[in-house]
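In case you want the letters, here they are:
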Amino acid sequence: MNKQEILNHYKEDDRLLIAKVFDKIEITEKRNKITNTDFLDLHQKNIVQKLLNTIQYENYLFFGGDENSERTVLIIYPTKFNKEIVEKNYNNIMQIIEIILPNDLQGKYSHRDYLGGLMKLGIKREKIGDIIVFNDGANIIVLNEIVKFVKDNISSLTRFSKANIQTKEIQELYKQEIKKIEEEIVVSSLRLDNVVSELAKVSRTKAEEIISSGRVFLNFENITKLSKLIKPEDILTIRGKGRFKIKEILGNTKKGKIIVLIEKFV
């Protein structure tokens, strides 16, 4: 299967992403240099991973700051390199903008406040990686190409005008502990609307409204099909309700309903 045949298998938005990956591979092979994409969300990463598996490409890795990063870049490297060499080049790809808030603002800003500020500066989302929020401020991972612009301009925003802004190397990233709790839910079937109803603790009718309004993401892809079946290892994000991982199907109740073990991200 050639490049064009592969591209024809994708819908328009995904086709553009795949075309960019092919371009990066071509540049790496022709110029014998490391290349990288913009930041990918987990859905985009899944699409790219499947492509690389399909074409049996091996000289790549995904990186976004640490092993828990949700947004990562695809790094493609020449065959003469190994992963250890690539790891030494992480700071040539991305760095951290660290924001330390004044005492009177500490604990008051959420992920949305930091991302919203960057959007006001006209920065495209794909140039920004994870935003790690802590009580004193945040670590914002950005591509090197915008580090200076962000550093020079973010303090022009009222919300950050009194903050201490500095750049740091990616190895200095604040380590965020991801907390999860396990729960069991009981559903009549593994249809998306049934599972969302239980996870969001709403009626079946309300669950259908939530799904139809575009607020549900399955493995980071927006899904509006009510009858979509859920399986172990799936990750469900319900805007306003949280993120959940389907861990295991435990069995059935005496009445034939299905017992599902889930992880809730808290």
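Residues numbered from 1 in each chain as written. Predicted model: local features only at pLDDT ≥ 70, side-chain atom pairs only at ≥ 80, totals over all residues. Heavy atoms only, no water.

Peer 1: Describe the overall build of the protein chain, and please don't skip the residues or the numbers.
Peer 2: Helix and strand counts for the protein chain come out as eight helices and 13 strands. In the protein chain, of all internal contacts separated by at least 6 residues, the share reaching a separation of at least 24 is 57%. Carbon and sulfur atoms form 45% of the exposed surface of the protein chain, whose accessible area is close to 14900 Å². (Helix = DSSP H or I, 4+ residues; strand = E, 2+ residues; numbered from the N terminus. Contact = heavy atoms within 4.5 Å. Areas by Shrake-Rupley, 256 points an atom, 1.4 Å probe, with all protein chains shown as cover.)

Peer 1: Quick one: what's the story with the environment of Leu-226, residue by residue and with numbers?
Peer 2: Position of Leu-226 relative to the elements: it lies in the loop between strand S10 (221-222) and strand S11 (235-238). For Leu-226, a relative accessible area of 23% translates into the label partly exposed. Separated by 18 residues in the primary sequence, Leu-226 and Glu-208 have C-alpha atoms spaced 6.8 Å apart. Non-local contacts of Leu-226, meaning those with residues more than four positions away in its chain, are made with Arg-191, Leu-192, Asp-193, Glu-208, Ile-211 and Ser-212. (Buried < 20%, exposed > 50% of the residue type's maximum accessible area, 1.4 Å probe, protein only.)

Peer 1: Please set out the environment of Asn-89 residue by residue, giving values where relevant.
Peer 2: Tracing the backbone shows Asn-89 in the loop between helix H4 (83-87) and strand S4 (94-100). Judged by relative accessible area, which is 23%, Asn-89 ranks as partly exposed. There is a polar contact of 2.9 Å between the side chain of Asn-89 and the backbone oxygen of Ile-85. (Polar contact = N/O pair within 3.5 Å; in protein donor to acceptor, adjacent residues only side chain to side chain.)

Peer 1: A description of unusual backbone geometry should follow, citing residues and the corresponding values.
Peer 2: The general pattern is negative phi for most residues beyond glycine and trans for most peptide bonds. The backbone phi angle of Phe-220 is positive, close to 70°, even though this residue is not glycine. Looking at where Phe-220 falls in the secondary structure, it is placed in the loop between strand S9 (216-218) and S10. A positive phi angle, close to 80°, is found at Glu-233, a residue other than glycine. Looking at the element boundaries, Glu-233 is found in the loop between S10 and S11.

Peer 1: Describe the pairing of strand S5 (residues 128-134), naming the residues involved and giving the relevant values.
Peer 2: Most of S5 is tucked away, with six of its seven residues classed as buried. Bridge count between S5 and strand S6 (residues 137-143): five bridges; the pairing is antiparallel. If you follow Phe-134 over to S6, its bridge partner there is Gly-137. A loop of two residues connects S5 with S6, the two strands running antiparallel in sequence. (Pairing = 2+ DSSP bridges.)

Peer 1: Would you mind going over the pairing of S4 in detail, with residue names and values included?
Peer 2: Within S4, five of the seven residues are buried, leaving the element largely enclosed by the surrounding structure. Here S4 runs beside S6; their pairing, made up of seven bridges, is antiparallel. Across the sheet, Ile-97 pairs through a bridge with Ile-140, a residue of S6.

Peer 1: Go over the packing of aromatic side chains, please, and point to the residues and values.
Peer 2: Within the structure shown, the criterion is met by six aromatic pairs. When the ring of Tyr-114 is compared with that of Phe-160, the centres are 5.4 Å apart and the planes differ by 15°; the resulting orientation is stacked. Remark: Phe-160 occurs in the loop between helix H6 (144-153) and strand S7 (164-168) and Tyr-114 occurs in helix H5 (residues 111-120); sequence separation between them is 46 residues. Residue Tyr-114 is classed as buried on the basis of its relative accessible area of 0%. The exposure class assigned to Phe-160 is buried, which follows from its relative accessible area of 0%. Through pairs of rings, three or more aromatic residues link up here, namely Tyr-109, Tyr-114 and Phe-160. (Phe/Tyr/Trp six-rings, centres within 6.5 Å; stacked < 30°, edge-to-face > 60°.)

Peer 1: Go over helix H8 (residues 204-212), please, and point to the residues and values.
Peer 2: Of all the positions in H8, only Ala-207, Ile-210 and Ile-211 are classed as buried. End-on view of H8: buried residues confined to an arc of 95°, all on one side of the axis. In H8, the exposed residues that point more than 90 degrees away from the buried face are Thr-205 and Ser-212. Following H8 by one or two positions, Gly-214 has its phi on the positive side, about 85°. (Arc of directions from axis to C-beta.)

Peer 1: Give me the nonpolar core: which residues, what numbers.
Peer 2: Nonpolar side chains in soluble globular proteins generally cluster together in the buried interior. Formed by 23 residues in total, the largest nonpolar core has its most connected members in Leu-192, Leu-199, Val-216, Leu-236, Ile-238 and Val-260. Every element with two or more residues in this core is listed here: strand S8 (180-187), helix H7 (192-200), H8, S9, S11, strand S12 (242-252) and strand S13 (258-265). Non-local contacts of Val-216, meaning those with residues more than four positions away in its chain, are made with Leu-192, Val-196, Ile-210, Ile-211, Glu-221, Asn-222, Ile-223, Leu-236, Thr-237 and Ile-238. Formed by 22 residues, the second largest nonpolar core is a distinct cluster that contains Leu-101, Ile-123, Ile-146 and Ile-154. (Core = buried A, V, L, I, M, F, W, Y, C linked by side-chain atoms within 4.5 Å.)

Peer 1: Give a description of the side chain of Asp-130 that names residues and reports values.
Peer 2: On the secondary structure map, Asp-130 appears in strand S5. For the buried Asp-130, which has no salt bridge, the nearest side chain bearing the opposite charge is Arg-71, at an N-O separation of 5.3 Å. A polar contact is formed between the side chain of Asp-130 and the backbone nitrogen of Arg-71, at a distance of 2.9 Å. (Lys, Arg positive; Asp, Glu negative; His and termini not counted. Salt bridge = Lys/Arg side-chain N within 4 Å of Asp/Glu carboxyl O.)

Peer 1: An account of the sheet that holds strand S1 (residues 35-40) is needed here, citing residue identities and associated values.
Peer 2: Taking strand neighbours across the sheet as the criterion, the three strands line up as S1-S3-S2 in an open arrangement whose pairing is antiparallel. Every interior strand has two partners, whereas the edge strands, S1 and strand S2 (60-63), have only one. Geometrically, the sheet is characterised by an average inter-axis angle of 20° between neighbouring strands, direction not taken into account. As paired elements, S2 and strand S3 (residues 72-76) share four bridges and run antiparallel to each other. Bridge pairing in S3 links Leu-61 to Ile-75. (Axes fitted to C-alpha atoms, helices over the stretch in contact; angles between N-to-C directions.)

Geometric values such as these leave the question of function open.
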